[in-house]
Amino acid sequence: MRADKLMYIGGEWVEASSGERFDSENPATGEILGSVPKGTPADIDAAVSAALKAFPAWRDTDPDARGRWLLSLAAAIRANADDLALLLARESGHYIGKAQGLVEFTAQNVEFHAGLADKARGSSIPTGPGRLALTRLEPVGVTGHIVPWNYPLFLITRSVAPAVALGNTAVIKPATPTSLIAVALAEIVGSIGLPPGVFNVVTGPGSSTGAALAGHPDVRSITFTGSVETGRSVMEAAVPNMTKLTLELGGKSPVIIFPDVDIETATEVAMQGALSRCGQVCIAGTRLFVHADIYDAVVARLAERFAAVRLGDTLDPRTQMGPLVSADQLRIVERYVAIGKQEARLVVGGARPDDPALQKGCFYLPTLFADVTNDMRIAQEEIFGPVLSAIKWTDEDEVIAQANDSPFGLAAAVWCNDTTKAIRTATRLEAGGVFVNEWIGEDFKAPHGGYKLSGIGRENGFECISQYTEVKHIAINLVDKKPENWCDAPL
Ligand code: NAD
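These numbers were taken from a predicted model, which means no experiment stands behind them.

(A) Main features of the sheet that holds strand β12 (residues 254-257). Read across the open sheet, the seven strands follow the order β14-β15-β16-β13-β12-β18-β19; overall the sheet is mixed. Only two strands of the sheet have a single partner each, and these edge strands are β14 (345-348) and β19 (433-436). The average angle at which neighbouring strand axes cross in this sheet is 20 degrees, direction not considered. As paired strands, β14 and strand β15 (residues 367-370) are joined by three bridges and run antiparallel to one another. Within the sheet, the bridge partner assigned to R345 lies in β15 and is A370. Its contacts with the sheet put helix α9 (residues 263-275) on β12, β13 (287-291), β16 (387-393) and β18 (411-415), and the angle it makes with β12 is roughly 180 degrees. Packing of helix α10 (residues 292-307) onto the sheet brings it into contact with β12, β13, β14, β15 and β16, and relative to β13 it is tilted by some 135 degrees.

What follows is the structure, encoded as structure tokens:
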């Protein structure tokens, strides 16, 4: 990997036009890992120009060849898996085992989307005799990708891989805390010789570089993944240019546990949904609706299991939960826990760990609140930390109404041994993804996206194709006849 850590624009490695840089930190230790250029709107402009210049040749590249480029990228990601996993663990706070899995997941995601290059297609439409009506899917042009820090490698490729496979060029603005990972991916892209300008990375603050990308008149599609608040400003910035938009935003996912589920199962389900990646997951199952018959037993078992979670350095293979991504995120979690202590009953956690070895990092104990009601702030607002709210329920209709009583609608889960009841509940939940007796997180083969404040549009699966293509209708006259009198035409 290069030592100078520069931005990648038009196939060149460049400093920011301002000449400024900013540091990237290990959230587990506070160690400075390196610095990256502090990009500016002028750098976004340069990247968009490079992407615009590269677009016609990339659009006209044989789709099979575009697919093969992406397969080469997946292979190169695997070839650099150790370095990427190490960087993910050190810069973003994923513990090393999870980081290794995420690198492989990213490679598989690129391979899936490589297949779209020669499989996304239009159709013929029966508009009547004497005419052939076709639709053609055409790439939109320059696409912008604004990415958060929680899954920084996977989330770049989740949108860039389909965009590029379908003939578009891309400008990426990573989140500031995880810029080194984006630069490392750019190095891998550079190493496979992808044509200059197809893939560009500009590192820098969201309020300047991100906003400049979202509002750039030459950008035809923006994929934004991040918070609702920033999503709103991205949407506003896109309005003057009518830029196509996918917004993948936050969540407060309900997990409904029926009384026929055993306590062990309910505990594991709750832990996976709430503590994976230290709770910093958009779909995190942070509202745990447990039936009254097993509520006390589940809360008691969860208290034991939460207290036993091993926090530690992300490079220690025994670690089960790493740190929060930054001191800012830690402060947000602390604020919500203070609110929770006033609203509900703190069962376990609710503080930073005492372990002296963890004091330099942004660690927070797994935290469980019981006697929570769905109207409390800790049940309504996204905390983005290892904080779980357990809510008691007795009536099926009521629990579904409460699960749906949320500004979000990203994911939900139902755990129930009665299949009819489980499926009935799944169909009634307002969420873009519902897991029944499992918690898959995200599968790039299936659509991912949200209802309500959780966003607009879908990533992954075939559903993402509409974000990166325009549909062109071509109508062809097949009969040899004179045109009708112009004024008799219906439109
Ligand atoms: P964020 O909104 O603070 O930042 C996201 C990105 O937007 C970053 O790259 C940031 O630099 C940039 N940005 C900031 N201000 C901007 C502006 N004015 N204009 C344009 N870009 C700007 O989010 P975050 O804290 O990085 O991520 C956490 C959020 O992301 C959570 O709400 C989480 O639920 C959500 N998320 C959603 C999904 C999903 O698929 N739905 C996946 C992961 C994370």
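Alright, that's what it looks like, and here's the rest.
(B) Fine view of the packing of helix α3 (residues 81-92) against helix α6 (residues 179-192). Here α3 crosses α6 at 160 degrees, and the two axes come no closer than 9 Å. Here α3 lies roughly antiparallel to α6, going by the angle between them. For the pair α3 and α6, the crossing hand works out as left-handed. Two secondary-structure elements touch here, α3 through L84, L87, L88, E91 and S92 and α6 through S179, L180, I181, A184 and I188. Residues that form the contact of α3 with α6 fall into these classes: seven nonpolar, two polar and one charged.

(C) Spatial organisation of the sheet that holds strand β22 (residues 469-477). Taken together, the three strands give an open sheet; going across it, the order is β5-β6-β22, and neighbouring strands pair in antiparallel fashion. Edge strands, defined here as strands with exactly one partner in the open sheet, are β5 (124-125) and β22. Pairing geometry for β5 and strand β6 (residues 131-139), over two bridges, is antiparallel. Along β6, the bridge assignment pairs I125 with A133.

(D) Representation of the site of the ligand within the structure. By nearness alone, 28 residues border the ligand, and V147, K173, S227, L249 and E382 come closest of all. Within the backbone of V147, an N or O atom sits 2.7 Å from an oxygen atom of the ligand. In isolation the ligand has 850 Å² of accessible area, and contact with the protein removes 87% of it. At the level of elements, α5 (152-165), α7 (206-214), β10 (219-225) and α8 (228-238) are the ones that each hand at least two residues to the shell around the ligand. Partitioning the shell around the ligand into residue classes produces 14 nonpolar, 10 polar and four charged.

(E) How the structure looks around the packing of aromatic side chains. With the rule as written, the count across this model stands at seven aromatic pairs. Pairing Y8 with W13 gives two aromatic rings, centres 4.6 Å apart and planes at 40 degrees, and the pair type is tilted. Here W13 falls in the partly exposed class, since its relative accessible area comes to 21%. The interplanar angle of 55 degrees and the centroid separation of 4.9 Å between the aromatic rings of F105 and F154 together place this pair among those described as tilted. Placement of F105 in helix α4 (residues 96-114) and of F154 in helix α5 is noted, with a sequence separation of 49 residues between them. Look at F105 and you get partly exposed, because its relative accessible area is 21%. Classification of F154 by relative accessible area gives buried; the value is 5%.

(F) Focus on the environment of G457. Mapped onto the elements, G457 comes out in the loop between β21 (455-456) and α15 (465-468). Residues G457 and Q467, spaced 10 residues apart in sequence, show a C-alpha to C-alpha distance of 7.7 Å. Excluding anything up to four places from it in sequence, G457 contacts T246, E248, H448, G449 and G450.

(G) Structural detail: α4. In this model α4 runs 27 Å from its N-terminal to its C-terminal C-alpha over 19 residues, within 8% of the 27 Å that 1.5 Å per residue would give. Residues of α4 that are buried sit in contact with α2 (63-79), α3 and α5.

(H) Region of interest: the domain arrangement of the protein. By domain assignment, the protein separates into domain 1 (7-249 + 454-474) and domain 2 (254-436). Look at where the C-alpha atoms of domain 1 and domain 2 centre, and you get two points 31 Å apart. Counting residues at the interface gives 21 residues for domain 1 and 27 residues for domain 2. Interface area, domain 1 with domain 2, both sides summed: about 1900 Å², of which 58% is carbon and sulfur. Considering only the side of domain 1, the residues that lose the most area to domain 2 are Y95, W149 and S454, jointly responsible for 29% of the buried surface there. Taken together, the links from domain 1 to domain 2 amount to zero salt bridges. Our count for the domain 1 to domain 2 interface comes out at 10 residue pairs in polar contact (both at pLDDT 80 or more). Put simply, the parts of the chain that give the side of domain 1 that touches domain 2 at least two residues each are α3 and α4. Looking at the side of domain 1 that touches domain 2 element by element, the count peaks at four residues for α3. Here the residues of the side of domain 1 that touches domain 2 sort into 11 nonpolar, seven polar and three charged.

So, how was this worked out
- In this convention, every chain numbers its residues from 1, walking through the sequence in written order.
- Local features in this predicted model are restricted to residues whose pLDDT is 70 or higher, and side-chain atom pairs enter the listing and the counts only when it is 80 or higher, whereas totals over whole chains, interfaces and linings include all residues.
- Here the side-chain values reflect all heavy atoms present in the structure, with hydrogen atoms and water set aside.
- Pairs of strands are assigned from DSSP output, requiring at least two bridges between the strands.
- Here a strand is any run of E in DSSP of at least two residues, a helix any run of H or I of at least four, and the numbering for each starts at the N terminus.
- Under this scheme, a helix contributes an axis fitted over its contacting stretch, all axes are lines through C-alpha atoms, and angles between N-to-C directions fall in the 0 to 180 degree range.
- By definition, residues are in contact when any of their heavy atoms lie within 4.5 Å.
- Here roughly perpendicular refers to angles of 65 to 115 degrees, roughly parallel to angles under 35, roughly antiparallel to angles over 145, and oblique to all remaining angles.
- Throughout, a crossing is termed right-handed when the near helix is turned clockwise from the far one, and left-handed when it is turned anticlockwise from it by less than a right angle.
- Only Asp, Glu, Lys and Arg are considered charged in this grouping, and only Ala, Val, Leu, Ile, Met, Phe, Trp, Tyr, Cys and Pro are considered nonpolar; every other residue, Gly among them, is considered polar.
- Put simply, a residue is near a molecule or strand once any heavy atom of it comes within 4 Å of that molecule or strand.
- For this analysis, a polar contact is any N or O atom pair within 3.5 Å, provided that within protein one partner can donate a hydrogen and the other can accept it, and provided that sequence-adjacent residues contribute only side-chain to side-chain pairs.
- Computed with a 1.4 Å probe, the accessible areas rest on the Shrake-Rupley method; for each residue, only the protein chains presented here act as cover.
- When the centres of two rings from Phe, Tyr and Trp lie within 6.5 Å, Trp using its six-membered ring, the rings pair. Their planes under 30 degrees apart give stacked, over 60 give edge-to-face, and anything left gives tilted.
- To sort residues, take the accessible area from a 1.4 Å probe on protein chains only and compare it with the maximum for the residue type: under 20% means buried, over 50% means exposed, and anything in between is partly exposed.
- One less than the residue count of a helix, multiplied by 1.5 Å, gives the span that helix is expected to have.
- Domain segmentation is taken from an automatic or database assignment of domains.
- The term buried area denotes the loss of accessible surface (1.4 Å probe radius) that occurs when two parts are joined, taken as the sum for both partners.
- A pairing counts as a salt bridge when a side-chain nitrogen of Lys or Arg comes within 4 Å of a carboxyl oxygen of Asp or Glu.

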